[in-house]
Each structure stands twice: as structure tokens, then as C-alpha cells.
Amino acid sequence: MSGPTPPAHCTFDPEDWLRLARHWHPVARSGDISSAPVKATLLDEQLVLYRIKGDVVAARDICPHRGVPLTLGFHDDEGIICPYHGLRFGENGRCNRIPSSPDQPVPAKLHLTSYAVTERFGLIWVCLAPDSEQPAKLPTMPHWDDSGFQQINCPGFDVAGFAGRQVEGFLDVAHFAWVHTDTFADAANQLVPAYNPVETDYGFSVDYWSTVSNFAAGSPQQAPDGFEWLRRFEMHLPFTATLTIFFPGDAA
Ligand code: FES
């Protein structure tokens, strides 16, 4: 395989890794990244994230001098600092200080291996292996900029499983009557009416119509008898899904 290569100890098949590495992936909430180094793992690549002069840097979490993880280090106003010999890395991951030899020009090999990074939807997105001929697009979330909606970034949590399985669970509607009966679902309403996913340029979209209410069980607010709820799932490859729920009175 030419071009970008998987990290050492990668658990992915190399071709799968490259397919996934072509996409943008969220790695942290924007509000959680400041000038201090923060660790993240993306497709088995160990990353250090930090913010300098307003911009986020996402780089391989390895000091190019002797290989120490930079997330063990420190920071000041000019960058993050390796805890072993104090090399400092600033804008774009460039080394800007060698304490033991401050007058020496900094060789290029001491700059960090940094990755494409962008901020959107309150999240930091990283692309490990951009494809210049077919640049990856971020998912679309039109309500993010709509003042009629609340914008919330929930804290992340670790899932000991593949991201594909996690998003599959989000798209699954047959488990409502078995898993969500303490909230919105009805154990007696198990039928899944037929629905048809439509392929899109970002993945697929599906309109799922059913009588499963989205009002909480026992809530004084309930839909009229027989009301058919529309849930619109949109799958943005590889691992982002959105769900729009149309309540009684909403236009589809
Ligand atoms: S290992 Fe990082 S400065 Fe030497």
C-alpha cells in the first residue's frame, strides 16, 4: 500500500484502515481542548491535541526527539513541552524551542507529524489520510446553526466495541419495544412496518413511520390515537448518524 500507512500495532486490516482514515472523525469536544496537551486515539493512532493562538493542532503523540508521549508533558503560551528534554511544539506542530541548544536552527525532523483538523458542531474532527482527489466532507447537521434548536455536546464515553456496531444500534428500530420501555416505547408494540433506505451522496436516508410514540410513557402529553410518527434517520458514512423526529403538528 502506498501513501499513508496505519500506525504501529494497528488492529485494523490495512485497507480498511485507509478507507476509514480518508474520512473526518470527531475526536474531542472543542470546549475540552485548550493549551494543555490532551490525548485521543483515532483508528489506533495515538494523538495529542492542543490549542495555540486559537487553532487546534492534532499530531502524533510521540516526541520526534526520543519518542516520549507528549501528553505526559507540560505547556506554556508558546506550545506544549516534552517532559524529557523540554522541546516545545507550537503552531502547526512545529518545534520552536530546544532548551539545550536554543540558538541552533530547528531541523525539520523535529516538527511533529500533524494531521488535518477542523472544528464544527462543537467538536474537533481529524482526518488522518486526506484524499486530495476526493476530499472527505463533514456530515451535515442543518439544525446546528438554527437558533430555534438547542445545541448540546454531551460528554463522550468509551464503548468497548466497534464504532460500526454502535451506530448500527442507533439505527435499529426493532429493539424499541424490548429496551426502551422505561421511556418512550411500548412493550406491546413490537411490529416494525416496512421501510426503505434511500442511497445518498453521504450514505443513506430512511423515513421510518410507526405508531411508536416519542412522548414518555405516563406523560400527560400524548399523540392522538393511531398517530403515525415519522423518524428520519440519516447515515453519514462511516460512523455519524442523525435522527429527526417529527412530533404531532410538525411538517415532514
Ligand atoms: S524526548 Fe522529547 S525532548 Fe527529548
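For the structure, see preceding data.
The structure presented is a predicted model; accordingly, all values stated were derived computationally and were not measured. (Residues numbered from 1 in each chain as written. Predicted model: local features only at pLDDT ≥ 70, side-chain atom pairs only at ≥ 80, totals over all residues. Heavy atoms only, no water.)

Describing the nonpolar core
Val27, Leu42, Leu43, Leu47, Leu49, Val126 and Leu128 are the most contacted members of the largest nonpolar core, which totals 19 residues. No other element matches the four residues that helix 1 (residues 14–21) contributes to this core. Those residues in contact with Leu49 that lie beyond four places of it in its chain are Val27, Ala28, Ile33, Ala36, Pro37, Val38, Ala40, Val57 and Ala58. Counting 16 residues, the second-largest nonpolar core is a separate cluster that includes Ala59, Cys82, Leu87 and Phe89. (Core = buried A, V, L, I, M, F, W, Y, C linked by side-chain atoms within 4.5 Å. Buried < 20%, exposed > 50% of the residue type's maximum accessible area, 1.4 Å probe, protein only. Helix = DSSP H or I, 4+ residues; strand = E, 2+ residues; numbered from the N terminus. Contact = heavy atoms within 4.5 Å.)

Overview of the packing of aromatic side chains
Counted by the stated rule, this structure contains 10 aromatic pairs. One aromatic cluster is present, formed by Phe215, Phe227, Trp229 and Phe247 through successive ring pairs. (Phe/Tyr/Trp six-rings, centres within 6.5 Å; stacked < 30°, edge-to-face > 60°.)

Points about helix 2 (residues 163–171)
Since the α-helix advances by 3.6 residues per turn, residues separated by three or four positions end up pointing in the same direction. Every buried residue of helix 2 is listed here: Gly164, Val167 and Leu171. Viewed end-on, helix 2 has its buried residues packed into an arc of 70 degrees, placing them on one side of the element. On its buried side, helix 2 packs onto strand 12 (203–210), strand 13 (229–236) and strand 14 (240–246). (Arc of directions from axis to C-beta.)

Regarding helix 1
Taken as a whole, helix 1 has its buried residues at Trp17, Leu18, Leu20 and Ala21. Across the axial projection of helix 1, the buried residues extend over an arc of 165 degrees, all falling on one side. Measuring from the backbone nitrogen of Glu15 back to the side-chain oxygen at the start of helix 1 gives 3.0 Å, which picks out Asp13 as the cap. (Polar contact = N/O pair within 3.5 Å; in protein donor to acceptor, adjacent residues only side chain to side chain.)

Here's the deal with the environment of Thr71
Along the chain, Thr71 turns up in the loop between strand 4 (55–60) and strand 5 (74–76). In this structure the C-alpha to C-alpha distance between Thr71 and Ala36, which are 35 residues apart in sequence, comes to 8.5 Å. If we ignore the near neighbours within four places in the chain, the residues touching Thr71 are Pro37, Val38, Lys39, Leu47, Val48 and Asp61. Side chain to side chain, Thr71 and Asp61 meet in a polar contact 2.5 Å long.

Description of the pattern of salt bridges
Evaluation of the coordinates by the stated rule reveals 10 salt bridges. The residue Glu78 makes a salt bridge to Lys53 at a minimum N-O spacing of 3.8 Å. With a gap of 25 residues between them, Glu78 in the loop between strand 5 and strand 6 (79–81) and Lys53 in the loop between strand 3 (45–52) and strand 4 connect regions that are remote in the sequence. Asp145 is paired through a salt bridge with Arg120; the nearest N and O atoms lie 2.7 Å apart. Separated by 25 residues along the polypeptide, Asp145 in the loop between strand 10 (123–127) and helix 2 and Arg120 in strand 9 (residues 116–120) bring together distant segments of the chain. (Salt bridge = Lys/Arg side-chain N within 4 Å of Asp/Glu carboxyl O.)

Re the pairing of strand 14
The side chains of a regular strand alternate, first on one face of the sheet and then on the other. Where strand 13 lies against strand 14, seven bridges are found, and the strand directions are antiparallel. Looking at strand 14, one finds that Glu234 is bridged to Thr242. Between strand 13 and strand 14, which pair antiparallel and follow one another directly, the connecting turn spans three residues. (Pairing = 2+ DSSP bridges.)

Structural notes on the sheet that holds strand 1 (residues 25–29)
Taken in spatial order, the three strands of this open sheet run 1-10-9, and their pairing is antiparallel. With partners counted over all chains shown, the strands left at the sheet margins are strand 1 and strand 9, one partner each. Neighbouring strand axes in the sheet, compared pairwise and without regard to direction, differ in orientation by 30 degrees on average. Pairing of strand 1 with strand 10 involves four bridges; the strand directions are antiparallel. Bridge pairing links Arg29 to Leu123 in strand 10. (Axes fitted to C-alpha atoms, helices over the stretch in contact; angles between N-to-C directions.)

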